[in-house]
Amino acid sequence: MEDYIINVGKIEEWQMINDVSSLDEVFQRAKRVLVGGGTVALIREQRSGETWKVNEFSSLEDFEEYRTNIYKYVK
């Protein structure tokens, strides 16, 4: 199964505007990838277009911990 890439900047943006539906959609897709045996990568993108990997999840437990941390800042 292919890896799933999450842009951390978008996650932070959705957190600030409390866009729960967008967060739910991304996290549901990521969870399906993990359950299917893939990995989820967190990337950060600069304005120049350069990207780098911030973190990577291959276990559902680690990913759920990350997801929980994101949602605790959403109202």
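Residues numbered from 1 in each chain as written. Predicted model: local features only at pLDDT ≥ 70, side-chain atom pairs only at ≥ 80, totals over all residues. Heavy atoms only, no water.

Draft legend 1. Layout of the sheet that holds strand β1 (residues 4-7). Spatially, β1-β2-β3 is the arrangement adopted by the three strands of the open sheet, whose pairing is mixed. The sheet is open, and its two edges are formed by β1 and β3 (51-57), each paired on a single side. Recorded for the sheet is a direction-independent mean angle of 30 degrees between the axes of neighbouring strands. As paired elements, strand β2 (residues 40-45) and β3 share six bridges and run antiparallel to each other. Bridged to Ile 43 within β3 is Lys 53. Contacts from helix α1 (residues 8-16) reach β1, β2 and β3, with the element oriented near 50 degrees to β1. Against the sheet, helix α3 (residues 60-71) engages β1, β2 and β3, with an angle of about 115 degrees to β3. (Pairing = 2+ DSSP bridges. Helix = DSSP H or I, 4+ residues; strand = E, 2+ residues; numbered from the N terminus. Axes fitted to C-alpha atoms, helices over the stretch in contact; angles between N-to-C directions. Contact = heavy atoms within 4.5 Å.)

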